[in-house]
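Survey of secondary and tertiary structure
Letter by letter, the chains look like this.
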2 protein chains.
Amino acid sequence: MSAADQPEPGVLAGPIAALLAQIDGVPVIAEPTTVRRRSRDFFWYSPILSAQLAGKSADVIVTPRNEEEVVRVARACVRHGVPLTPRGGGTGNYGQAVPLERGALIDFSAMDKILWSKPGALRVEPGAKMHDIDAALRPAGWELRMHPSTKRTATIGGFVAGGSGGVGSIAYGGLRDPGNILAARIVTLEREPRVIELRGDAAQKINRAFGTTGLITALEMPLAPAWPWVDAIVAFDDFLEAVEAGRQIALADGVVKKLLSAITWPIPRDFREIGGFCPDGKSLLIAMIAEPSLESFRAVLAGRGAVTYEAPCLEGAGETPLYEYCWNHTTLHVLKRDRGVTYLQCLFPHDRLLPLVARMVATFGDEVLHHLEFSRFAGHITASALPILRYTSAERLDEIIAAYEEAGVMVANPHVFTLEDGSRYRRADADQLGFKAEVDPFGLLNPGKMRSFVPAKWEPA
Amino acid sequence: MSAADQPEPGVLAGPIAALLAQIDGVPVIAEPTTVRRRSRDFFWYSPILSAQLAGKSADVIVTPRNEEEVVRVARACVRHGVPLTPRGGGTGNYGQAVPLERGALIDFSAMDKILWSKPGALRVEPGAKMHDIDAALRPAGWELRMHPSTKRTATIGGFVAGGSGGVGSIAYGGLRDPGNILAARIVTLEREPRVIELRGDAAQKINRAFGTTGLITALEMPLAPAWPWVDAIVAFDDFLEAVEAGRQIALADGVVKKLLSAITWPIPRDFREIGGFCPDGKSLLIAMIAEPSLESFRAVLAGRGAVTYEAPCLEGAGETPLYEYCWNHTTLHVLKRDRGVTYLQCLFPHDRLLPLVARMVATFGDEVLHHLEFSRFAGHITASALPILRYTSAERLDEIIAAYEEAGVMVANPHVFTLEDGSRYRRADADQLGFKAEVDPFGLLNPGKMRSFVPAKWEPA
C-alpha cells in the first residue's frame, strides 16, 4: 500500500500519520500550500512536463537536521510503505524533486553544514547551497569546481543527484568524470536502513539518479583554486563567428577560464538587466576568465568581436554574475517574456562541432535559437547546448529531437521525467539499476523516476 | 668583420679588446677553460651535433648584472661587430648556446631576481633558475606552469629562448600557447640598442628563437596553483597498456596532474637510483598527481598495472623528483651507460595516437625505444615523444625520421643547430625572421642559428 492510495490530498492519515508518529522530533511541514509549492521544481520550462506533473504533490514534508534523523525517516517510510522523495533547492528542470506517488518529501535544506575542508577537497552536507559553499571557501582560496547557473539557490546534493555539469565544465568536464565527486554517504531504504560510504567510482551510483538510489547525507567534493574571475561579453556580427572564437578560447590551454557561452541573437534581446552591453543584432560570447589570463583572452580574440563588458564577477546579494545568463538561465530569461518557448539539451560531438552547429542553425532557423556552452567531455573540447525552441506541438518537438540525433548530436531529452527517457542512452545506468535493488528494494525512493526498476512487493513487516 | 676572423682563440685582441674596453665595469670571464666549458650545452646527446659543434667557443664571457649593463654590452658589440651569443643554464640540446662564430657569450646567470610576483603571474630576470623560482613562490601557493626536466639548473630565460614545454604541458600546453608567456622585455642589437616590451602574442617573437631576436632582460610568466604533487610509478606488462592507461588519465579532466610519461622497457633498466620500483621487464607510467586527485587517479587505473611507488615529489638538494627520469632526462639516464644511443623529438597526432605508437613500436623494435610524454597540444590531448634510438649512421637516422614523418608523426629534428632545420616546418617563423631584421640588423645575435636571415653588412660607424 502506498500513500498514493490516500483518498484526500493533504490529509495526514493512515500510513502518513503512522510515519509521523514514528519520527517524533524530526521537523515536519504539513501546511498544504507549502507542501504543494515545495513539491514542484522548474519542470514548467517544459510544456509537456508542465501538463504531466501538474498537481503532483507530497502529503507532507520532513526536514531532518542530521543523519540520525534521516535514518529514522527512512526506517519509518519503509515500515509504513510511504514513498519518499528527496529535494534540495528545487532548481531541477525535469521534475527530479516532484513526488509522483505522494508520500513524504524529504527536504535537505536544514542539513547544510560544511563538515570539513582542506586544500583541494571538502566534505559537506547535501543541503548546503553551492553559493554558500563557495562564499565560505573563498577566503582560503578555494571554490567548487563546477556549479549550475542556479548556484545561488541550488544545493550541492541536488546538483549531484539531478545535475550533470555547468559553469566550470570547460575546465573540469562533468560530474560523471573521474575525480569530480570524491565520495558520497547515503542512507538506504531497507527495513533496517544502512549508512554507506561510496568512494570514487562507487559514488557514480548516486550521480544524476534523482535520489532513487539512496538518501545523500554527505558529499566529498574536489575543489578548484578560486581565481579572481572576470565576467566578459564580446559581441559578434554573426553567431558562427562567436562560436569559432569561443572554440579557440576553449582550446587555448594557457587561458584559465570557467565559462564560455556563445549565444545567438536574438536571445540577448531578453537580457534586460545587461541590455546596455548587448548591442542590437549581435550574437554574444559570454566568458568568465581568470584575471591574470585576461590579456591572453584578448590576444586569442585577436580583434574579432567587440568587447562590450569586462568586470569582476560579482555574486553578492542584488548582483547578477554573467553565468546567470548562460546554461539553463538563458531559457529563463526568454521565458520571462515569451511562454511559447521551451528548450533542448544537446551535446555536440567534439570532432564535428562547427559543421553540425552550422547545419542545425541552417535547418531550423528561428524555430531553434542556439546557445553553446563550451565544455570538456571525456577529455575533449566540445559544446553542450540548451537551444531555445519555439514550441508548437509534442510531435514537432520529437521531430526536432530526431533530426538532431540523426545528425549525430546527442540529445538528453528534458521533456521526460524518468531517468531512462532523459538519458542519451535511453536506458537506466546498469550500476544504478543494480544498486537500487540493494538499497531501495521496495522502490519507495522517488518512485516512478527509474522506470526499469521492478520493486519487491511491500508488505507490513 | 666578425670575431670569427680572429686568428687565435682566446686572444683578447682587436674587436674583443675594443669591446671589453667599452664595457668597463661589466664582469668578464676570459679564463680559457671556463670560456670553452660555458660555450657548450648538452648538444653531445647528438653524435651529429657533437661532431659539428666540437671546438666551437666564444672568445670571452660577459656576465651583466642588470639591464643597463646588457645595453652597454649590446651597444659595444654592435660598435665593434662582435657576435654575441646568450646563455642561460646551458641545458639545451641543440647547441642553442654554442657560439658558432666566436665573439662574446653573454651569460645571464647573474640576472636572477624575481622583480615581482602576484597571484597568477610573476616578472623575473632571465637568469633565474626555474627551481629557485618555484621554491620562492611555493610558500604563497604558486609555481611556474611548466618546466623542463632540467628545472634544477635551467633558467627561465633559457627555457623560453630554447625550449618548448615539458612537465606541466599536460595541463597547460606549450610555451607557444596563448597565455603561457605573458611578456618579454628585450634589448636589441642596433647601433643604439632599444629596450622593447613585447606583450602577449608579440612575446612569441623571442620564444624558441635561441636568442637570435633580442636579449631577454625580463619575462612575465603566468603561474599555476602549486598543488602538493605526488610522484607515482605504475608498472605494466606491456608498453601499449601503459600508453593506454596514460592516455585515459590524460583525458580525465577531473584528475589534476602535471606529468604523465609512458616509458617502454628496457629503458627503466637504466634508472639505477629508482631501480627498486622498476620491476624487470615492465614498462612504466610515471606520473605527478595532485594529492587530492590521487584516489581518482587510482580509480581511472582501475586495477591495471601495479603501483610500485607513490610519495610526495621532492625537489630538494640530493632528492630526485621523478620528472628527472622523463622528457629528455630519460635519454641522459641511458647515455650514462651506453654512448651508442641518441634520440628524436616527435609529436604524435592526437587523433591517431595509439595506432601510430603501435606502428612505430612494431616497425623499429629495439632500434627505437619509446617514451611518451602526454601533453596538451592546441587544445587536444596527445603525446610528445623523445624516443631513444640506437645510432648507426646519419643516413639511418634520416631514414628513421623520414619514416616517422611519412607515417604522420611530426618530428622536430634535434640533430641540427639551426632554427629552420629543427622546426617541424623546416622554415623560420615569419614573425621572428621579420623581427630579427629590426632588432639585429647585422646578424650579430647567436649568428648561424637562423640561417634564413640575411644580415646587413656590418661596418664601423
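Just so we're clear, the structure is a prediction, and the values are computed from it rather than from any experiment. (Residues numbered from 1 in each chain as written. Chains lettered and ligands numbered in written order. Predicted model: local features only at pLDDT ≥ 70, side-chain atom pairs only at ≥ 80, totals over all residues. Heavy atoms only, no water.)

**Notes on the interface of chain B and chain A**
- With 34 residues of chain B at the interface, the matching set in chain A holds 34 residues.
- Surface buried jointly by chain B and chain A totals about 2500 Å² across both partners, of which 54% is contributed by carbon and sulfur atoms.
- Viewed at the interface, chain A and chain B are joined by four salt bridges.
- Asp 253 of chain A serves as the salt-bridge partner of Arg 376 of chain B, at 3.9 Å between the closest nitrogen and oxygen.
- Going through the elements one at a time, α7 (169–172), β10 (215–225), α9 (294–301) and β19 (380–385) of chain B are the ones with two or more residues in the side of chain B that touches chain A.
- Broken down by element, the residue count for the side of chain B that touches chain A peaks at four residues, all from α9 of chain B. (Contact = heavy atoms within 4.5 Å. Buried area = accessible area lost by both parts, 1.4 Å probe. Salt bridge = Lys/Arg side-chain N within 4 Å of Asp/Glu carboxyl O. Helix = DSSP H or I, 4+ residues; strand = E, 2+ residues; numbered from the N terminus.)

**What about the sheet that holds strand β13 (residues 283–290) of chain A?**
Residue and element names in this part refer to chain A.
- The strand order across the open sheet formed by eight strands is β14-β11-β13-β12-β18-β19-β16-β21, and the pairing between neighbours is antiparallel. Two strands lie at the open edges of the sheet, namely β14 (306–312) and β21 (410–411), each paired on one side alone.
- Taken together, the six bridges between strand β11 (residues 229–236) and β14 define a ladder with antiparallel strand orientation. Residue Val 230 lies in a different strand from β14, and its bridge partner there is Pro 312. (Pairing = 2+ DSSP bridges.)

**Things to note about the packing of aromatic side chains**
- Across all of its chains, the model carries 18 aromatic pairs over all chains by this definition.
- Taking the centre distance of 6.0 Å and the plane angle of 85° together, the rings of Phe 42 of chain A and Tyr 45 of chain A count as edge-to-face.
- Aromatic side chains Trp 227 of chain A and Trp 142 of chain B sit 5.2 Å apart centroid to centroid with 55° between the ring planes, which places their arrangement in the tilted category. Of this pair, Trp 227 of chain A sits in the loop between β10 (215–225) and β11 while Trp 142 of chain B sits in strand β7 (residues 142–144), each in a different chain. Each member of the pair Trp 227 of chain A and Trp 142 of chain B is classed as buried.
- Within the aromatic cluster, the residues linked to one another by ring pairs are Phe 42, Trp 44, Tyr 45 and Tyr 343 of chain A.
- Positioned above the aromatic ring of Phe 453 of chain A is the side chain of Lys 436 of chain A, whose terminal nitrogen or guanidinium carbon lies 5.2 Å from the ring centre. (Phe/Tyr/Trp six-rings, centres within 6.5 Å; stacked < 30°, edge-to-face > 60°. Buried < 20%, exposed > 50% of the residue type's maximum accessible area, 1.4 Å probe, protein only. Lys NZ or Arg CZ within 6 Å of the ring centre and 35° of its normal.)

**A look at the relation of the copies chain B and chain A**
- Structural alignment of chain B on chain A gives an RMSD of 0.0 Å, achieved by rotating through 180° and translating 0.0 Å along the axis. Classification of the inter-copy transformation places it as that of a two-fold axis. (Least-squares fit on C-alpha atoms with pLDDT ≥ 70 in both.)

**Points about the sheet that holds strand β13 (residues 283–290) of chain B**
All names here are of chain B.
- One open sheet holds the eight strands; their spatial order is β14-β11-β13-β12-β18-β19-β16-β21, and the pairing between them is antiparallel. In this open sheet, the two edge strands, each paired with only one partner strand, are β14 (306–312) and β21 (410–411).
- Examined bridge by bridge, strand β11 (residues 229–236) and β13 share eight bridges and lie antiparallel to one another. Considered in β13, the bridge of Val 234 is made with Leu 285.

**A look at the pattern of salt bridges**
- Inspection of every chain in the model, using the stated rule, returns 62 salt bridges over all chains.
- Here Glu 68 of chain B ties to Arg 72 of chain B by a salt bridge, and the two come within 3.9 Å at their closest N and O atoms. Of this pair, Glu 68 of chain B and Arg 72 of chain B are both found in helix α4 (residues 67–80), four residues apart, which corresponds to roughly one turn of the helix.
- Overall, Glu 68 of chain B belongs to the partly exposed group, its relative accessible area being 45%.
- In this structure, a network of salt bridges that share partners links the residues Arg 123, Glu 197, Arg 199 and Glu 220 of chain A together with Glu 295 of chain B.

**Quick look at the pairing of strand β12 (residues 257–263) of chain A**
Residue and element names in this part refer to chain A.
- Where burial is concerned, most of β12 is hidden: seven out of the seven residues are buried.
- Bridging between β12 and β13 involves six bridges; their strand directions are antiparallel. When the sheet's bridge partners are listed, Leu 260 is paired in β13 with Ala 287.
- Two strands pair when backbone bridges link them, and β12 and strand β18 (residues 371–377) are joined in this way by three bridges, in the antiparallel orientation.

**A word on unusual backbone geometry**
- Here the bond from Trp 265 of chain A into Pro 266 of chain A is cis, since omega is 15°, no more than 30 degrees from zero.
- Position of Pro 266 of chain A among the secondary structure elements: in the loop between β12 and β13.
- Notably, Ala 302 of chain B is not glycine yet its phi reads approximately 55°, a positive angle.
- With respect to the element layout, Ala 302 of chain B can be found in the loop between α9 and β14.
- In this structure, Arg 426 of chain B takes a positive phi of about 60° despite not being glycine.

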